[in-house]
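As a plain string of letters, each chain reads:
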Amino acid sequence: MEIKENLPASMTDIQNEIIEEFSFLGDDRESTIFYIMELGQKLPELDGKYKIEENIIKGCQSKVWLTADLDGDRIIFNADSNTDITKGLISLLIKVLSGQRLEDILKADLYFIEKIGMGQIIGSQRSNGLVAMIKQMKLYALAYKSKLS
Amino acid sequence: MTQVVENIDYKFDVGSLRNRFPVLDQHVNGKKLVYFDNAATTQKPDIVIDAIAEYYKKYNANIHRGLHALAEKATAAYEETRIAVQNFINANEVEEVIFTSGTTESINLVASAYGRKFLQKGDQVIISELEHHSNIVPWQLICEEKEAELKVIPIDENGDLDIQSFESIIGDKTKIVSINHVSNALGTINPVEEVVQIAHEYGAVVMIDGAQASAHVDIDVQKLDCDFYAFSAHKLYGPTGVGVLYGKRALLESMSPYKGGGEMIKEVTFEKTTFNDIPYKFEAGTPNIADVIAFKVALSFVEDLGDKKDILSYEQSLLSAATEQLKDIPGLKIIGEAKHKIGVISFVIEGLHHFDIGMMLDAKGIAVRTGHHCTQPLMSKFGIEGTVRISFSVYNTLEEVSVFIESLKQIVEKWR
């Protein structure tokens, strides 16, 4: 099997890594929120020219901009938000999904979300937003797939 | 021990008062709960919670139509709440009190039943920049339907109504003026008496949205001389799903029913229906019996607290303490510093999004409201998307204010 150095690890490996990182935080909500915000602050800011209406994900309480660029049969996702918590959440999705193959993104099972108890951490409103983000990322994969075929 | 703030000796003892609210005695995210979201809904005292259970355990029955003992008892209890509400707002007659599902439905009722009948093409309805969406959208809908014009009274940078502008906007075409007694987003107490007086000079009827006022300021609809007044039980220590619409008898009688169904009729044939008298004309269908009955208990709870002036001055002592300490936090800006306010503070912090602040406070066990507070036009006026809002109730304490300020300082130091 050919392995390129710049390719991301498998989605399973990345998700397991996230689950492990969150397990260190235990049940302490404050540390968990702070950790997600720190992840958010580390996410590179999206250039202003991409922060346009057509890149906004509908269904999120906060403003979320998402871009998806095709690189061979893989998608590079970039995103930004006006709140650090939301940026943190997107950064987790980007970590798992960005750079992956279209096929893999489409059938991705993002089990880490449940494993780390994200629903309890972020509440029902933001959980809906998270679902909207995932849906949009998969829609990009679907759109590129039909474009390529 | 009675809590003494600024040398005012309150009749109520905050310590034992808190014990009446079971929900307050808990830890959230490992921290002692500080509930500062009272403008959204107040917590419920034990007697209100018990009254709901008591109704279902002992005399659950449909009201007004049944002849049996349980129906009699439930009907009597339901109607006793109407009398309690009449006394609470000093309405002239008990029939002027209509039960709805909440303030939103009360306003919609007036917009639909009064607006649809009396608004003509080219007429005007006046609201203010301070309004909650529920006192904007019903008027937009009816104005669109009747080709009437919706005008807006501006506010100044402190969040006070610009009465001079109101006087320049109002005219002979103005048929309805609908404003809130107290702003939910900024806490401004509006000069409603003055608004009513000016509106009446032009022959307009006045609707007051009292959702945020009922727990904090005196309501005397006769003294105020307003034509309609609306408020919700759940912001007044009562259950959710119960609202009140007060209306002057002559106006209510002149209006057509808003909803059709059981209870609101005198006689129905397939050819024609004659309608019941007020208030039943506006209460179609089985109402929220249990919660209306429990609402009476909430009203007596408020009465037992003593004079509303005492309640307000206690809450304002929390407001002054919090306002003063918030101003010491770098980058923090208070939105809305009206001359007269209830215990509500909206604020933004430079470099920190209100949602993030809300999440971090929640992690510290502090419940606040974040967002646009259903007042998007007001937020646009201040050039912001939303704020963090804290709102006090009679069971909050200066100690909780200190915990909140300390927590907010920690957040600002860590994240800004």
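Everything that follows concerns the structure shown earlier in this document.
(A) Seen up close, the overall build of chain A. Counting secondary structure elements, chain A contains six helices and two strands. In terms of its C-alpha atoms, chain A occupies a principal-axis envelope of roughly 45 × 40 × 25 Å. Here chain A, with 149 residues, has 50% of them falling under the buried criterion. For chain A, the proportion of contacts with a sequence separation of at least 24, taken over those separated by at least 6, is 64%. Surface exposure of chain A reaches about 8100 Å², of which carbon and sulfur atoms provide 50%. Charged side chains in chain A number 18 positive and 23 negative. The centres of these two groups are separated by 6 Å.

(B) Region of interest: the pairing of strand β19 (residues 387-391) of chain B. Residues and elements named next belong to chain B. In terms of burial, β19 is a largely internal element, five of the five residues being buried. The side-chain alternation of β19 yields two buried faces, one formed by T387, R389 and S391 and the other by V388 and I390. Both strand β16 (residues 344-349) and β19 contribute to a ladder of four bridges, which runs antiparallel. Note on β19: the bridge partner recorded for I345 is I390. Examined bridge by bridge, strand β18 (residues 369-371) and β19 share three bridges and lie antiparallel to one another. From the neighbouring strand, T370 faces β19, where its bridge partner is V388.

(C) Expanded view of the packing of helix α3 (residues 69-89) of chain B against helix α10 (residues 289-305) of chain B. All names here are of chain B. Where α3 meets α10, the axes come as close as 8 Å, and the angle between the chain directions of the two elements is 40°. Relative to α10, α3 is oriented oblique. Regarding α3 and α10, the two cross each other, and that crossing is left-handed. Mapping the contact onto sequence places A74, A77, Y78, E80, T81, A84, V85 and F88 in α3 and I289, V292, I293, F295, K296, L299 and V302 in α10. Looking at the contact of α3 with α10 residue by residue, the class counts come to twelve nonpolar, one polar and two charged.

(D) Fine view of a negative patch on the surface. Residue and element names in this part refer to chain B. On the surface, E167, E193, E194 and E201 cluster together to form a negatively charged patch. At three residues, helix α7 (residues 192-201) tops the list of elements feeding residues into the negative patch. By the secondary structure assignment, E194 is in helix α7. Taking the relative accessible area as the measure of exposure, E194 reaches 37% and is therefore partly exposed.

(E) Expanded view of the packing of helix α3 (residues 84-97) of chain A against helix α6 (residues 118-148) of chain A. All names here are of chain A. Put simply, α3 and α6 touch, their axes get as near as 11 Å, and they point 50° apart. In this view, α3 runs oblique relative to α6, as classed from their interaxial angle. α3 and α6 meet at a crossing whose hand is right-handed. Here I85, T86, L89, I90, L92, L93, I94 and L97 of α3 lie close against α6, whose contacting residues are M118, I122, R126, L130, M133, I134 and M137. Tallied by class, the residues present in the contact of α3 with α6 amount to 13 nonpolar, one polar and one charged.

(F) Quick look at unusual backbone geometry. All names here are of chain B. Going from I278 to P279, the amide bond is cis rather than trans, its omega being 0°. Within the fold, P279 resides in the loop between β14 (273-275) and α10. With a phi close to 55°, N90 is a non-glycine residue in the positive phi region. With respect to the secondary-structure elements, N90 resides in the loop between α3 and β6 (97-100). Backbone geometry at C374 places phi at a positive 55°, although glycine is not the residue there.

(G) Structural view of the interface of chain B and chain A. The interface is formed by 13 residues belonging to chain B together with 17 residues belonging to chain A. Buried area between chain B and chain A, both sides added, is near 1500 Å², and the carbon and sulfur share of it is 60%. It is F355, M359 and W415 of chain B in chain B that bury the most area against chain A; as a group they hold 43% of the surface buried on that side. Where chain B meets chain A, there are five salt bridges.

(H) Focus on the sheet that holds β18 of chain B. All names here are of chain B. Read from one edge to the other, the open sheet built from four strands follows the order β15-β16-β19-β18, with strand pairing classed as antiparallel. Looking at which strands have only one partner, the edges of the open sheet turn out to be β15 (332-335) and β18. Between one strand axis and the next, the sheet turns through 30° on average, direction left out of account. Packing of helix α12 (residues 354-363) onto the sheet brings it into contact with β16, β18 and β19, and relative to β18 it is tilted by some 160°. Sheet strands in contact with helix α14 (residues 398-415) are β15, β16 and β19, and its direction is about 10° off that of β16.

(I) Spatial organisation of the pairing of strand β13 (residues 265-268) of chain B. All names here are of chain B. Sheet topology places β13 next to β14; three bridges connect them, and they run antiparallel. For V268, the partnering residue across the bridge sits in β14 and is T273. In this antiparallel pair of consecutive strands, β13 and β14, the connection spans four residues.

(J) View of the nonpolar core. Residues and elements named next belong to chain B. Grouped together as the largest cluster of nonpolar side chains are 164 residues, with contacts concentrated most on F347 and F404. For this core, the two domains that each supply at least three residues are domain 1 (4-44 + 307-415) and domain 2 (49-304). Residues within four places of F347 in sequence aside, it is in contact with L326, L332, K333, I334, I335, T387, V388, I390, F404 and L408. Judged by nonpolar contacts, the second largest core, of 26 residues, contains I107, A230, L245 and L252.

The rules behind each value
- Residues numbered from 1 in each chain as written.
- Chains lettered and ligands numbered in written order.
- Predicted model: local features only at pLDDT ≥ 70, side-chain atom pairs only at ≥ 80, totals over all residues.
- Heavy atoms only, no water.
- Helix = DSSP H or I, 4+ residues; strand = E, 2+ residues; numbered from the N terminus.
- Buried < 20%, exposed > 50% of the residue type's maximum accessible area, 1.4 Å probe, protein only.
- Contact = heavy atoms within 4.5 Å.
- Areas by Shrake-Rupley, 256 points an atom, 1.4 Å probe, with all protein chains shown as cover.
- Lys, Arg positive; Asp, Glu negative; His and termini not counted.
- Charge placed at Lys NZ, Arg CZ, Asp CG, Glu CD.
- Pairing = 2+ DSSP bridges.
- Axes fitted to C-alpha atoms, helices over the stretch in contact; angles between N-to-C directions.
- Parallel < 35°, antiparallel > 145°, perpendicular 65-115°, else oblique.
- Left-handed = near helix turned anticlockwise from the far one by under 90°.
- Nonpolar A, V, L, I, M, F, W, Y, C, P; charged D, E, K, R; others polar.
- Patch = residues over 30% accessible without salt bridge, like charges linked within 9 Å, V, L, I, M, F, W, Y side chains within 5 Å.
- Salt bridge = Lys/Arg side-chain N within 4 Å of Asp/Glu carboxyl O.
- Buried area = accessible area lost by both parts, 1.4 Å probe.
- Core = buried A, V, L, I, M, F, W, Y, C linked by side-chain atoms within 4.5 Å.
- Domains from an automatic or database assignment.

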